[in-house]
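Coordinate analysis (summary)
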Amino acid sequence: MSDVSNSQLPECVDVLIIGAGAAGLMCAATAGQRGRSVLVLDHANKVGKKILMSGGGRCNFTNLYTSAENFYSRNPHFCKSALARYSQWDFIALVEKHGVPYHEKTLGQLFCDNKSKDILDLLLAECRAAKAQIRTRCAISTIESGQGGYRVETSLGTVRCESLVVATGGLSIPTMGATGFGYEIARQFGLNIIPTRAALVPFTQHKRQLERQDSLPGSALAVMASCGEGSFHEQMLFTHRGLSGPAVLQISSHWREGEKVTFDLAPDRDLADWLQQRRRESPEAYLHSVLAELWTKKLVQFFLQRQHIDSRPLKQFSEVELQELGVKLQTWTLVPAGTEGYRTAEVTLGGVDTDQISSRTMECKTQPGLYFVGEVLDVTGWLGGFNFQWAWASGHAAGEAA
Ligand SMILES: Cc1cc2nc3c(=O)[nH]c(=O)nc-3n(C[C@H](O)[C@H](O)[C@H](O)COP(=O)(O)OP(=O)(O)OC[C@H]3O[C@@H](n4cnc5c(N)ncnc54)[C@H](O)[C@@H]3O)c2cc1C
């Protein structure tokens, strides 16, 4: 039996899920395994596109250290119940049950050894075992509630359902099928939307700054990126449009237009102390060659030029001069021009306000039988497998109840 069929839509199902992404497929498998009749509809030509493109093609499917602290939401407690009832260990057990090989890359991030498709295949196998039906290329036009359920008009026909699950994801990567349809459904039923914005997204820089950095695209270094209450110690990467890399993606979730971002360029040491020490050990060594122990030659040149510092043997700098120089070189503060926006963002901050959603079941408190799961909700994870873990956990919570 194929996973995704083109046959006629059933007239009536127990659970209708809009969106065949990570959360929708997990919800379908869970509800189907409870004996519910399940139909998943997606307007795209293929299911699980973001799963396929995730983690550079290897899907960072969860994080060993997942906790509520790894998520942004107006209500930081909302995600706790679902994450506790379907944890990273539950998803790892599922991955192992299907014999998908995986490894920890760094910081608890679990990736497939082979390809992201292994995760999609696993979900489709679970859906198949649960007899959940899936249809692609299906546009949904109207949704009406009444008679103890919902009536959904689609390009493939009309379907009635008892429970309707909205799993349409966020706004990032519109070319992959992302739409704001889930927010429209929420508004239709009187729910509030927390303003959305692109997150886990590269920064763009002004033209003049890019000209100064024109030798740097491709250069990377470890930094501590800070903005507002956020601080992340990870790699930063210079690009042709600005700055990227895990540290930048992470801090972009804290940044707002016009705000400064501070990068500690040598987060493992106090540069002033270290330069003094290097001066005692190697007084004849030039400043630029000592700094090349920390950064690439291109980066050393850029950071020295930025501060108008000429390289000389360390013994030619006084203690005070070296102290000042260390402080100057340690930190880079800048105001990004903007972000690359939804075109390349990994996720969307904001979404359906969780105040009106049950944290146990994902059901809307004011609209029985209507559920929201995954990224469409105002729950956004850090980089590192947390967003998928939220999709699994919230999809599972709804699948147990819908
Ligand atoms: C490039 C990239 C890499 C990523 N890598 C990772 C990673 O390695 N680890 C991680 O944890 N997270 C990663 N993410 C984030 C992760 O992919 C999402 O958080 C996750 O897919 C959200 O799951 P979801 O089911 O809520 O939404 P999605 O997976 O986006 O699924 C939503 C589905 O709804 C469908 N849909 C949308 N609108 C409609 C409509 N109007 N009618 C019918 N169907 C509709 C879409 O076609 C889609 O199939 C990445 C994201 C991107 C963009």
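Here, the structure is the one placed above.
Attention here is on the structure that accompanies the text. (Residues numbered from 1 in each chain as written. Predicted model: local features only at pLDDT ≥ 70, side-chain atom pairs only at ≥ 80, totals over all residues. Heavy atoms only, no water.)

**Considerations on unusual backbone geometry**
- Unusually for a residue other than glycine, Leu107 sits at a positive phi of about 50 degrees.
- Looking at the secondary structure, you find Leu107 in the loop between strand E5 (102–104) and strand E6 (109–112).
- For Lys131, which is not glycine, the phi torsion reads 60 degrees and is therefore positive.
- Tracing the backbone through its elements, the reader meets Lys131 in the loop between helix H5 (117–129) and strand E7 (133–135). (Helix = DSSP H or I, 4+ residues; strand = E, 2+ residues; numbered from the N terminus.)

**What about the sheet that holds strand E18 (residues 338–339)?**
- Pairing within the open sheet is antiparallel, and its 7 strands lie in the order E17-E16-E13-E14-E15-E12-E18. Of all the strands in the sheet, just strand E17 (331–334) and E18 have a single pairing partner and so form its edges.
- Sheet contacts for helix H11 (residues 297–306): strand E13 (220–227), strand E14 (230–238) and E17; angle to E17, the most-contacted strand, approximately 70 degrees. (Pairing = 2+ DSSP bridges. Contact = heavy atoms within 4.5 Å. Axes fitted to C-alpha atoms, helices over the stretch in contact; angles between N-to-C directions.)

**What about helix H1 (residues 22–33)?**
- For H1, spanning 12 residues, the distance from its first C-alpha to its last is 17 Å, which sits close to the expected 16 Å at 1.5 Å a residue.
- In terms of burial, H1 is a largely internal element, 11 of the 12 residues being buried.
- Residues of H1 that are buried include every one of Ala22, Ala23, Gly24, Leu25, Met26, Cys27, Ala28, Ala29, Thr30, Ala31 and Gly32, and no others.
- Phi turns positive, to about 95 degrees, at Gly35, one or two residues after H1. (Expected span 1.5 Å × (residues − 1). Buried < 20%, exposed > 50% of the residue type's maximum accessible area, 1.4 Å probe, protein only.)

**Things to note about the sheet that holds E5**
- A sheet is described by the order of its strands in space; here 3 strands give the open sequence E3-E6-E5, paired in antiparallel fashion. The outermost strands of the open sheet, each flanked by one partner alone, are strand E3 (60–63) and E5. Direction aside, the axes of adjacent strands within the sheet are offset by 25 degrees on average.
- Looking at chain direction, E3 and E6 are connected through 3 bridges and run antiparallel. Across the sheet, residue Asn63 finds its bridge partner in E6, namely Gln109.

**A short note on the side chain of Ser358**
- Topologically, Ser358 is positioned in the loop between strand E19 (347–352) and strand E20 (370–372).
- Of note is the side chain of Ser358, whose polar atom sits 3.1 Å from the side chain of Thr361.
- Those residues in contact with Ser358 that lie beyond four places of it in its chain are Phe78, Glu363 and Lys365. (Polar contact = N/O pair within 3.5 Å; in protein donor to acceptor, adjacent residues only side chain to side chain.)

**Observations regarding the packing of H1 against H5**
- Packing of H1 against H5 leaves a shortest axis separation of 8 Å and a crossing angle of 25 degrees. Relative to H5, the element H1 is oriented roughly parallel. Here the hand of the crossing between H1 and H5 comes out left-handed. Each of Leu25, Met26, Ala28, Ala29 and Gln33 in H1 lies in contact with H5, whose residues at this interface are Leu120, Leu123, Leu124, Glu126 and Cys127.
- Across the contact of H1 with H5, the residue classes break down as 8 nonpolar, 1 polar and 1 charged. (Parallel < 35°, antiparallel > 145°, perpendicular 65-115°, else oblique. Left-handed = near helix turned anticlockwise from the far one by under 90°. Nonpolar A, V, L, I, M, F, W, Y, C, P; charged D, E, K, R; others polar.)

**With respect to the packing of aromatic side chains**
- Across all of its chains, the model carries 17 aromatic pairs by this definition.
- Pairing Phe303 with Trp332 gives two aromatic rings, centres 6.3 Å apart and planes at 65 degrees, and the pair type is edge-to-face. With Phe303 in helix H11 and Trp332 in strand E17, this residue pair connects regions lying 29 residues apart in the sequence.
- The class of Phe303 is buried, set by a relative accessible area of 0%.
- The class for Trp332 is buried, based on a relative accessible area of 3%.
- Chaining the aromatic ring pairs together yields one cluster made of Phe238, Phe263, Trp295, Phe302, Phe303 and Trp332. (Phe/Tyr/Trp six-rings, centres within 6.5 Å; stacked < 30°, edge-to-face > 60°.)

**Structural notes on the nonpolar core**
- With 84 residues, the main nonpolar core has Ile119, Ile143, Val352, Met362, Phe372, Trp390 and Trp392 as its most contacted residues.
- Counting 45 residues, the second largest nonpolar core, distinct from the first, contains Ala225, Phe238, Leu249 and Val290. (Core = buried A, V, L, I, M, F, W, Y, C linked by side-chain atoms within 4.5 Å.)

**A word on the site of the ligand**
- Every one of the 31 residues lining the ligand counts as a neighbour, but Ala23, Asp42, Thr179, Glu375 and Phe388 are closest to it.
- Here Gly55 contributes a backbone N or O atom positioned 3.1 Å from an oxygen atom of the ligand.
- A distance of 2.8 Å separates an oxygen atom of the ligand from a polar backbone atom of Phe388.
- If the ligand stood free it would expose 1,000 Å²; the protein chains cover 93% of that surface.
- Elements represented by at least two residues in the shell around the ligand include exactly H1, helix H2 (49–53) and helix H13 (386–401).
- Top element by residues in the shell around the ligand is H13. It accounts for 4 residues.
- Each residue belonging to the shell around the ligand can be placed in one class, and the counts come to 14 nonpolar, 13 polar and 4 charged. (Near = heavy atom within 4 Å. Areas by Shrake-Rupley, 256 points an atom, 1.4 Å probe, with all protein chains shown as cover.)

**Observations concerning the pattern of salt bridges**
- Under the counting rule described, the total for this entry stands at 14 salt bridges.
- We note a salt bridge from Arg278 to Glu281, for which the minimum N-O separation is 2.8 Å. You can see Arg278 and its partner Glu281 sitting in helix H9 (residues 271–281), 3 residues apart, about one turn around the helix.
- Arg278 sits in the buried class, given a relative accessible area of 12%.
- Exposure remark for Glu281: the relative accessible area of 47% places this residue in the partly exposed category.
- Linking Lys315 and Glu284 is a salt bridge whose minimum nitrogen-to-oxygen distance equals 3.1 Å. Placement of the pair is Lys315 in the loop between H11 and helix H12 (319–330) and Glu284 in the loop between H9 and helix H10 (287–291), with a sequence separation of 31 residues.
- Judged by its relative accessible area of 45%, Lys315 is partly exposed.
- Connected through shared salt-bridge partners, Asp14, Arg36 and Glu162 make up one network. (Salt bridge = Lys/Arg side-chain N within 4 Å of Asp/Glu carboxyl O.)

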